[in-house]
Amino acid sequence: MQRYFIAPEQFAEAEVRITGDDAHHLTRVMRAEPGDEVIASDGVDREALVRIRTLEKNEVTADIVRRLPMENEASVDVWIAQSLPKGDKMETVIQKGTEIGAARFLPFVSERTVVQLDAKKEGKRLERWQKIAKEAAEQAHRNRVPEVEPVHSWKELLNRAKEANAAWICYEKESGQTLRKAIRRAVAGAGQARVTLLLVIGPEGGFSEQEVVAAEAAGCVPVSLGKRILRTETAAMVGLTCILYEAGEMGGED
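What counts, and where the lines are drawn
Residues numbered from 1 in each chain as written. Predicted model: local features only at pLDDT ≥ 70, side-chain atom pairs only at ≥ 80, totals over all residues. Heavy atoms only, no water. Buried < 20%, exposed > 50% of the residue type's maximum accessible area, 1.4 Å probe, protein only. Helix = DSSP H or I, 4+ residues; strand = E, 2+ residues; numbered from the N terminus. Arc of directions from axis to C-beta. Contact = heavy atoms within 4.5 Å. Phe/Tyr/Trp six-rings, centres within 6.5 Å; stacked < 30°, edge-to-face > 60°. Pairing = 2+ DSSP bridges. Axes fitted to C-alpha atoms, helices over the stretch in contact; angles between N-to-C directions. Parallel < 35°, antiparallel > 145°, perpendicular 65-115°, else oblique. Left-handed = near helix turned anticlockwise from the far one by under 90°. Nonpolar A, V, L, I, M, F, W, Y, C, P; charged D, E, K, R; others polar.

1. Considerations on helix α1 (residues 20-29)
- Here α1 has its buried residues at Asp22, Ala23, Leu26 and Thr27. In an axial view of α1, the angular spread of the buried residues amounts to 120 degrees, which keeps them on one side of the axis.
- Tucked inside the fold, the buried residues of α1 contact β1 (3-5), β2 (15-19), β3 (37-41), β4 (47-55), β5 (59-67) and α3 (119-139).
- Immediately downstream of α1, the backbone of Arg31 shows phi near 55 degrees, a positive value.

And the structure:
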């Protein structure tokens, strides 16, 4: 069943209003008709099965049939900090990461990031990334849309690491600490409390030793994803999947 995220103010007591691109998708792409049912969510605390009452070009009105439980989010909040990769790989990280269950994306630039930032295009790029996250969340039947933050500097990212209960930096030269062990310690130590876990992924050329030292000083623990060298976009998805598995979200032990 089609799912649409709408702004909280579009969610009333007995009806919802679906506007903009979502209304266009319903009317022009899905060819919806009065009486059809879809799922609407405000991405915060309200989600409902709704029945379409009226369709116009820029607005669809639907009556709430029944409220739905919001049970599809992971029990841990995983933030993916991704050094900007070349081409459209960041879009892949956001799309697939959202499907898997990431709670937030923090793009950043580091010493070996090769992507040149264009301040004039930054707003449009961030808007596109957020749209990709929204569409992926709808496709995956998420209850919330992950937030994609503006691009951080390396220093700004390390300051954000302090907000997480545990922060890990993936480093190919790390041999003693595996991500699996680090996850188990973090999850076990939290007990029943909800935790925020930050996973930092480097660019195509990896992190410099100086960056790893700075990350450790900021509280990030270097971890290994195994003996094989992964592409930057692959590392993000593998790391996220490992975290959610060990947290019991993908067949792992509770």
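2. Remarks on the packing of aromatic side chains
- Within this structure, the stated rule accounts for three aromatic pairs.
- Measuring from centroid to centroid gives 5.7 Å for Phe108 and Trp154, while their planes differ by 40 degrees, and the two rings are tilted. With Phe108 in strand β7 (residues 104-108) and Trp154 in helix α4 (residues 154-160), this residue pair connects regions lying 46 residues apart in the sequence.
- Judged by relative accessible area, which is 0%, Phe108 ranks as buried.

3. With respect to the sheet that holds β7
- Judged by pairing direction, the sheet is parallel, and its six strands sit side by side in the order β8-β7-β6-β10-β9-β11 without closing on themselves. With partners counted over all chains shown, the strands left at the sheet margins are β8 (147-148) and β11 (220-223), one partner each.
- With five bridges joining them, strand β6 (residues 77-83) and β7 adopt parallel strand pairing. Across the sheet, residue Ser83 finds its bridge partner in β7, namely Phe108.

4. With respect to the packing of helix α2 (residues 89-100) against helix α7 (residues 232-246)
- As a packed pair, α2 and α7 sit with axes 9 Å apart at the nearest point and diverge in direction by 15 degrees. Between α2 and α7, the angle falls in the class roughly parallel. You can see that α2 and α7 cross each other, and the crossing is right-handed. Of the residues in α7, those in contact with Lys89, Thr92, Val93, Lys96, Gly97 and Ile100 of α2 are Glu233, Ala236, Met237, Leu240, Thr241 and Leu244.
- A per-class count over the contact of α2 with α7 returns six nonpolar, three polar and three charged.

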